Amino acid sequence: MVSRQTIGIAGAGSIGCFVGGMLAANGCRVALLARPRVIAEIEAGGGLRPTSFEGFDQTITHDRFALSENPSIFADAGVVLVTVKSADTAAMAEIIAHHAPSDAVVVSLQNGVGNAAVLRNRLPGRRVLGGMVPFNVIALRAGRFHRATSGDIVIEQDEARTAEKLSVPGLTMRPTGNIDGVQWGKLLLNLNNALNALADLPLRRQLARRPWRQLFADQLAEALAAIKAEGIKPVSPTPIPPAWMPALLRLPDRVFEVLLGRTMKIDPEARSSMWEDLQRGRRTEIDYLQGVITEIAERRGLEAPLSHRIVELIRQAESSGKGSPGLTPEQIRPVN
């Protein structure tokens, strides 16, 4: 455990606050760079409260971590965990360049597949590691950040054993020698984020319904064709190989429910981060998920009508500012 160094959380939203809270709960020195809204919520709740579907529930009082909108809190950071949205990666890199020590390890714990490359480009000479967070976190107000699904964080392997040193009880971090494959595997799973955001349903209830899973399966089929054309070999964050996923998603409800229970634990009220973005009127990461697939498909001369349609519907929902539109699978499918 990295207990003697300050661990900076660069962009403490839902994931950042949960990760930072778990590290602080285990005695690590944590400094969270957050927006005024998040700071106000944490202060109103009397501290940072990470909770989990597994039963963890602890309030970390203010004296056990640093919290500020001023990036000078990174002045003595040994590690900086980047948890901002993909569109904000370049801007956060500039902040890290000016405020974190030059020998601080920078770890991208973000959705998408290109963030570590952006950080390396903006932070020349620094050690930058890619990472993948498999679980979902819901912001429940008053400083509570609830982990709603299972899985271990995966971090690019390095000689300093950064992943192992950051791993603490309740928040396991594992090293990998193939972070690119792991991130592409997570991107495939994250394609459901938009469907969940458009459905306005808890994840478990959405995945329990075959029409929604068939929609997800058809979207995965488009994505798998696109990345195969690129020569990409994704590594699934679940025990299920990516190539099997479309067929398994199309299974009858009862069969799939058994399969899901064996591969992933999901809180009954869990929803995707993209749903939360729509509800709060924030910009989503659609361009870094479905948008990546449509870009590859266009460049490779492949058809991806469902992915294009989902991008269009999410952008419409962003523009309306009314939260999730609560669509049905039939309303989402492109019209022939």
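Structure: above.
Note that the structure is a prediction, hence the values are computed from the model and not measured.

1. What about the side chain of Arg147?
If you trace the backbone, Arg147 turns up in strand β9 (residues 144-147). No salt bridge is formed by the buried Arg147; its nearest oppositely charged neighbour, Glu54, is found at 4.8 Å. Polar contacts involving the side chain of Arg147 include one to the main-chain carbonyl oxygen of Gly151, which spans 2.5 Å. Those residues in contact with Arg147 that sit more than four places away from it in its chain are Phe18, Thr51, Ser52, Phe53, Phe135, Asn136, Val137 and Gly170.

2. Some thoughts on the packing of aromatic side chains
This model, assessed by the stated rule, comprises one aromatic pair. Residues Phe18 and Phe135 carry aromatic rings whose centres are separated by 5.7 Å and whose planes lie at 75 degrees to one another, so their mutual orientation is edge-to-face. Placement of Phe18 in helix α1 (residues 14-25) and of Phe135 in the loop between β7 (128-132) and β8 (137-139) is noted, with a sequence separation of 117 residues between them. As far as the burial class goes, Phe18 and Phe135 line up, both buried.

3. Structural notes on the sheet that holds β9
Taken in spatial order, the three strands make up an open sheet running β3-β9-β8, and their pairing is mixed. Taken across any chain shown, the strands that pair with only one partner, and hence form the sheet edges, are β3 (49-52) and β8. Geometrically, the sheet is characterised by an average inter-axis angle of 25 degrees between neighbouring strands, direction not taken into account. Judged from the four bridges that link them, β3 and β9 form a sheet pairing that is parallel. Bridged to Ser52 within β9 is Arg147.

Cut-offs used in this document
- For every chain, the first residue of its written sequence is number 1, and the numbers climb from 1 along that sequence.
- Per-residue local features are limited, in this predicted model, to residues with pLDDT of at least 70; the limit for side-chain atom pairs, both in listing and counting, is 80 or more; totals at the level of whole chains, interfaces and linings are taken over all residues.
- Just so you know, side-chain values use all the structure's heavy atoms and leave hydrogens and water out.
- Per the convention used, a helix needs a DSSP run of H or I reaching at least four residues, while a strand needs a run of E reaching at least two, with both numbered from the N terminus.
- Relative accessible area decides the class of each residue, using a 1.4 Å probe on protein chains only: under 20% of the type maximum gives buried, over 50% gives exposed, and in between gives partly exposed.
- Charge assignment: positive for Lys and Arg, negative for Asp and Glu; neither His nor the chain ends contribute.
- Salt bridge, as used here, is a side-chain nitrogen of Lys or Arg placed within 4 Å of a carboxyl oxygen of Asp or Glu.
- By the criterion applied in these results, polar contacts are pairs of N or O atoms within 3.5 Å in which, for protein atoms, one can donate a hydrogen and the other can accept it, and in which residues neighboring in sequence qualify only through two side-chain atoms.
- Residue contacts are defined here by distance: any two heavy atoms, one from each residue, within 4.5 Å place the two residues in contact.
- The rule is short: rings of Phe, Tyr and Trp, with Trp giving its six-membered ring, pair when the centres are within 6.5 Å, and they are stacked under 30 degrees, edge-to-face over 60, tilted in between.
- At least two DSSP bridges between two strands are needed for those strands to be called paired.
- Axis definition: a line fitted to C-alpha atoms, limited for helices to the stretch in contact. Angles are taken between N-to-C directions and run from 0 to 180 degrees.

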